[in-house]
Amino acid sequence: MERERFKVLVTDNIAEEGIDTLKRGGDIDVDIKPGIKSDELTNIIGEYDAVVTRSGTSIKAGVLERPGKLKIIGRAGVGLENVDIEAASKKGIIVMNAPTGNTLAATELTMGAMLSAARKIPLANNSLKAGSWDRKQFMGVELYNKTLGIVGLGRIGSNVAIRAKSFGMRVIAFDPFIKKSKADDLGVSLYEEFDKLLRESDVITFHTPLTNKTRNMVTAAEINTMKDGVIIINCARGGIVNENDLYDALKSGKVFTAGVDVFETEPPFKSKLLEVDNLFVTPHIGANTWEGQKAVSVILCEQLVNALNGRPYQNGVNIPFIKSQLPDRAQLYFDLAEKMGKLAAQIIKGRAEEIRVVMVGKGFEEDLCERKFDVPFSFQPFTVAALKGFLAVSHQETVTFLNAPYLAQDQNVVVQESKAEHFEKFNDLLVFIVRTDKGETLFGGTVFSDSRGRVVLLDGFRLDIIPDGTFLNFRIFDRPGVVGRVGTILGDHNVNIAGLSLSRQVTGEEIAFVSVDCPIEPEVMKQILAIDGMIEASVIEL
Ligand code: NAD
């Protein structure tokens, strides 16, 4: 019997090359309806196997009420604010995106921002066009022989490094999640300390996602440690460099110039930054090149053709077909695994070299473990979920359940999984072990009869943490009064404690996870870190 042809609806203008990819994909009819209204989309969406959008079409729960034969929603780009991923997952619809097509576009904008900032090109342009021929004002600096500090040596950071070296710059980087060999291959010195990079750089450029570690990564304190006359570039995400503090530093001249493409609030019409002359801004156009748009369109449409034809694809954002087919208890372990990965990434020291997932106990036999992912990795769902959680801390939205194993492989992280019958006294336990260049850390999690996943082991410490929300994690010397002082400081700053898990070891140390109801400001953390008996403390988001 002849197979029915697939139908794909394209609801926004995407590059023609992507449409050609769909048409060449075989057995696919493509309808293009840019600007389609929500009512019409709701009525016809069920007739299609897949729908392709950019940011212009909202695909929220209402639109998916009658999904008919819809199997895939594809976003030609990264952001998925316009798609209700949860509603799609509930209906078994795959959501996919194309996070990698913009790399060179964003890289080149960064180089442009750097050159503009070094030579004040935008100001010079405005001045001449306003009828002035005042060349003295536009003394700039050369990039040659200067030190470029790159924060985040991922796709864009690496490409910026390659180009900066061709300008004769000395390139140094800070990225706690990549292996040193990657930096060595690029001819970049990888620094262990962020402060050291700040002190030595003439130009600093940011290429990290926005996470709880990178939000406000640069405030007045960090700017003070920088060289006088430093240049700052942020073409990554608004909020990494504190806007108020950057404003003050530009005004005072501590920062020579800055180039910014991304803002805490976009559009940034109320931001003071727009008032400063030595700040050069662009309206979040990092991805806006014809080539970049073509690349995301082709990448997305190639994936879509593969998915429709049952072939593997990388950038699936949800995994309805896996999770919803797991038994209820396995779904709880699946969620727990993701949280354990996230916890591990925020706790371990050093750069990950090997990750081991051990499924302990009878519960992980047959029932829980029969299904494999439809990708060329034969990992169990729990391993993939743990990897996704682990990598999300350093890669945010670009890591998905489907590409997590690929990403780990790209980073030369060896992933192993195994089963065991026993581990200490636990009947069922999911063990997640990360080996880094600095040592090994073990996490254990289990689901109790109340159907809640809990983290119960961290190395030799017994814990009881429901991994959800914000935690203050600290390690202290086991002596009276230290925990009390933490409580007092939190209380003094109106941070309400929702729960506490405290564990002691024979070594004379204790660790604690304090669940809190609101964020803990850096100033409060400073006070906590200064407590006598405190070994280390950090905020963990789960
Ligand atoms: P990537 O995932 O390839 O690289 C991000 C790197 O940041 C990783 O190597 C990661 O290890 C590192 N990192 C994470 N947390 C860190 C931390 N606390 N300190 C130091 N390094 C850390 O991502 P990419 O594709 O290179 O994108 C980089 C950023 O650029 C992202 O925020 C992305 O959203 C943004 N972006 C902006 C535009 C734009 O239009 N301006 C376009 C594309 C990408």
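Residues numbered from 1 in each chain as written. Predicted model: local features only at pLDDT ≥ 70, side-chain atom pairs only at ≥ 80, totals over all residues. Heavy atoms only, no water.

Sheet strands pair by backbone hydrogen bonding; their relative direction is either parallel or antiparallel. Read from one edge of the open sheet, seven strands run 8-7-6-9-10-11-12, paired in parallel fashion. On the outer flanks of this sheet lie strand 8 (189-191) and strand 12 (279-281), each paired with one strand and no other. Between one strand axis and the next, the sheet turns through 20° on average, direction left out of account. Pairing analysis gives three bridges linking strand 7 (residues 170-174) to strand 8, with the strands arranged parallel. Along strand 8, the bridge assignment pairs isoleucine 172 with serine 189. The strands touched by helix 10 (residues 243-252) within the sheet are strand 10 (230-234), strand 11 (255-260) and strand 12, with strand 11 carrying the most contacts at an inclination of about 140°. (Pairing = 2+ DSSP bridges. Helix = DSSP H or I, 4+ residues; strand = E, 2+ residues; numbered from the N terminus. Axes fitted to C-alpha atoms, helices over the stretch in contact; angles between N-to-C directions. Contact = heavy atoms within 4.5 Å.)

Our next topic: the site of the ligand. By nearness alone, 28 residues border the ligand, and Ile156, Asp175, Thr208, Asp261 and His395 come closest of all. The contact in question runs from an oxygen atom of the ligand to an N or O atom on the backbone of glycine 154, over 3.4 Å. Within the backbone of glycine 286, a nitrogen or oxygen atom sits 3.2 Å from an oxygen atom of the ligand. Within the residue set of the shell around the ligand, elements represented by two or more residues are helix 6 (155-166) and helix 14 (381-395). (Near = heavy atom within 4 Å. Polar contact = N/O pair within 3.5 Å; in protein donor to acceptor, adjacent residues only side chain to side chain.)

This paragraph deals with the packing of helix 16 (residues 482-492) against helix 17 (residues 522-529). One can describe the packing of helix 16 onto helix 17 by two numbers: an axis separation of 10 Å at closest approach and a directional angle of 160°. Taken together, helix 16 and helix 17 sit at an angle that is classed as roughly antiparallel. Seen from above, helix 16 lies across helix 17 with right-handed handedness. On helix 17, the residues that touch Val486, Ile489 and Leu490 of helix 16 are Val524, Gln527 and Ile528. Partitioning the contact of helix 16 with helix 17 into residue classes produces five nonpolar, one polar and no charged. (Parallel < 35°, antiparallel > 145°, perpendicular 65-115°, else oblique. Left-handed = near helix turned anticlockwise from the far one by under 90°. Nonpolar A, V, L, I, M, F, W, Y, C, P; charged D, E, K, R; others polar.)

Take the nonpolar core next. Counting residues in hydrophobic clusters, the biggest one holds 49 residues, and the most contacted among them are Phe390, Leu430, Phe432, Phe443 and Phe513. Ranked by the residues each element gives to this core, the list is headed by helix 13 (residues 328-347), at ten residues. Setting aside its immediate chain neighbours within four residues, leucine 430 contacts Tyr333, Ala337, Met340, Val357, Val358, Met359, Phe364, Phe382, Phe443, Gly444 and Gly445. Judged by nonpolar contacts, the second largest core, of 29 residues, contains Val230, Ile232, Ala236 and Ile240. (Core = buried A, V, L, I, M, F, W, Y, C linked by side-chain atoms within 4.5 Å. Buried < 20%, exposed > 50% of the residue type's maximum accessible area, 1.4 Å probe, protein only.)

This brings us to the pairing of strand 4 (residues 72-75). Where burial is concerned, the two faces of strand 4 agree: the one with Ile72 and Gly74 and the one with Ile73 and Arg75 are both buried. When strand 3 (residues 50-53) meets strand 4, the two strands line up parallel, connected through four bridges. Across the sheet, residue valine 52 finds its bridge partner in strand 4, namely glycine 74. Bridge analysis of strand 4 against strand 5 (residues 94-97) gives four bridges, and the strand direction is parallel. What sits directly across from arginine 75, in strand 5, is asparagine 97. Tracing the backbone out of strand 4, into helix 3 (residues 85-90) and back to the parallel element strand 5 gives a crossover that is right-handed. (Right-handed = clockwise from strand over helix to strand, strands pointing away.)

Glycine aside, negative phi is the norm for most residues, and most peptide bonds take the trans geometry. Of note, the bond from glutamate 266 into proline 267 is cis; its omega dihedral lies within 30 degrees of zero at -5°. Among the secondary structure elements, proline 267 is positioned in the loop between strand 11 and strand 12. A positive phi angle, near 45°, is found at glutamate 424, a position not held by glycine. Position of glutamate 424 among the secondary structure elements: in the loop between strand 14 (414-420) and strand 15 (429-436).

Between helix 1 (residues 16-24) and helix 11 (residues 290-308), the shortest axis-to-axis distance is 7 Å and the interhelical angle comes to 15°. As far as their axial angle goes, helix 11 and helix 1 are roughly parallel. In this structure, helix 1 meets helix 11 at a crossing whose hand is right-handed. Contacts between helix 1 and helix 11 involve Glu17, Gly18, Thr21 and Leu22 from the first element and Lys294, Ser297, Val298, Cys301, Glu302, Leu304 and Val305 from the second. Class assignment for the residues of the contact of helix 1 with helix 11 results in five nonpolar, three polar and three charged.

Quick look at the packing of aromatic side chains now. Aromatic ring pairs are reported here in terms of the distance separating the ring centres and the angle at which the planes meet. Tallied over the full model, the rule gives three aromatic pairs. Measuring from centroid to centroid gives 6.1 Å for phenylalanine 390 and phenylalanine 432, while their planes differ by 55°, and the two rings are tilted. Taken together, the residues span a long stretch of sequence, with phenylalanine 390 in helix 14 and phenylalanine 432 in strand 15 at a distance of 42 residues. Summarising the burial analysis for this pair, phenylalanine 390 and phenylalanine 432 share the class buried. The ring of tyrosine 48 carries lysine 7 above its face, with NZ or CZ at 4.7 Å from the centroid. Here lysine 196 stacks its cationic end above the ring of tyrosine 191, 4.3 Å away from the centre of that ring. (Phe/Tyr/Trp six-rings, centres within 6.5 Å; stacked < 30°, edge-to-face > 60°. Lys NZ or Arg CZ within 6 Å of the ring centre and 35° of its normal.)

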